[in-house]
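Chain by chain, the residues:
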Amino acid sequence: IISSSTLLKDIREVYTSFRAIINGEDKTKLKPWLEKYKTTTIRRIRSLVNGIKRDLEAVENAIKYKWSNGLVEG
């Protein structure tokens, strides 16, 4: 199904590339990712990019540190 749709291919690329950054340890890859997708025609992706930019420090820390306060909040 994905291979038959350009939109789905694009969304999958956004997802897999962002997931690789979040699961990696190199926060310097985040800003180039944001630059690449800031002008996408997919509105939800632009919204994601803008949200990450608003909370950039927290997202960078999520990449840098593999622990969270999720258990405390839960």
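Please read all numbers here as calculations on a predicted model, not as lab measurements.

Rules behind the numbers
Residues numbered from 1 in each chain as written. Predicted model: local features only at pLDDT ≥ 70, side-chain atom pairs only at ≥ 80, totals over all residues. Heavy atoms only, no water. Helix = DSSP H or I, 4+ residues; strand = E, 2+ residues; numbered from the N terminus. Buried < 20%, exposed > 50% of the residue type's maximum accessible area, 1.4 Å probe, protein only. Contact = heavy atoms within 4.5 Å. Areas by Shrake-Rupley, 256 points an atom, 1.4 Å probe, with all protein chains shown as cover. Lys, Arg positive; Asp, Glu negative; His and termini not counted. Charge placed at Lys NZ, Arg CZ, Asp CG, Glu CD. Core = buried A, V, L, I, M, F, W, Y, C linked by side-chain atoms within 4.5 Å. Polar contact = N/O pair within 3.5 Å; in protein donor to acceptor, adjacent residues only side chain to side chain. Salt bridge = Lys/Arg side-chain N within 4 Å of Asp/Glu carboxyl O. Patch = residues over 30% accessible without salt bridge, like charges linked within 9 Å, V, L, I, M, F, W, Y side chains within 5 Å.

1. Let's talk about the overall build of the protein chain
Part 1: What the protein chain contains, in helices and strands, is 5 helices and 0 strands.
Part 2: Going from N to C terminus, the protein chain has its helices and strands arranged as α-α-α-α-α.
Part 3: Referenced to the eigenvectors of the C-alpha coordinate spread, the extents of the protein chain come out at roughly 40 × 25 × 20 Å.
Part 4: Evaluated residue by residue, the protein chain yields a buried proportion of 23% over its 74 residues.
Part 5: At a minimum sequence separation of 6, the contacts of the protein chain that also span at least 24 residues come to 45%.
Part 6: Summed over all atoms, the accessible surface of the protein chain reaches about 5,900 Å², with 53% contributed by carbon and sulfur.
Part 7: Across the protein chain, 15 positive and 9 negative side-chain charges occur, with their mean positions spaced 6 Å apart.

2. Comments concerning the nonpolar core
Taken as a class, soluble globular proteins show a tendency for nonpolar side chains to be buried jointly.
Part 1: Core analysis: the biggest nonpolar cluster contains 13 residues, and Leu30, Trp33, Leu34, Tyr37 and Ile52 have the highest contact counts within it.
Part 2: If you list the elements that add at least two residues to this core, you get helix H1 (6–23), helix H2 (30–37), helix H3 (43–54) and helix H4 (56–64).
Part 3: The leading source of residues in this core is H2, at 4 residues.
Part 4: Sequence-distant contacts of Leu30, that is, excluding residues within four places in its chain, are made with Phe18, Ile21, Ile52, Leu56, Val59, Glu60 and Ile63.

3. Regarding the side chain of Ser17
Part 1: The residue Ser17 is located in helix H1 in this model.
Part 2: A polar contact is formed between the side chain of Ser17 and the backbone oxygen of Val14, at a distance of 3.1 Å.
Part 3: Other than its neighbours up to four places away in sequence, Ser17 contacts Trp33 and Tyr37.

4. A look at the side chain of Glu60
Part 1: Along the chain, the position of Glu60 falls in helix H4.
Part 2: Buried Glu60, no salt bridge; nearest opposite-charge side chain is Lys31, N-O distance 4.3 Å.

5. Section: a nonpolar patch on the surface
Part 1: Taken together, the side chains of Ile1, Ile2, Leu7, Leu8 and Ile11 present a nonpolar region at the surface, about 460 Å² in accessible area.
Part 2: Summarising the element assignment, Leu7 is placed in helix H1.
Part 3: In this structure Leu7 comes out as partly exposed when scored by relative accessible area, which is 47%.

6. Here we look at the pattern of salt bridges
Part 1: What the rule picks out here adds up to 1 salt bridge.
Part 2: Glu35 is the salt-bridge partner of Lys38, the closest N and O atoms lying 3.0 Å from each other.
Part 3: What makes Lys38 partly exposed here is its relative accessible area of 37%.
Part 4: Among the residues examined, Glu35 registers a relative accessible area of 46% and is labelled partly exposed.

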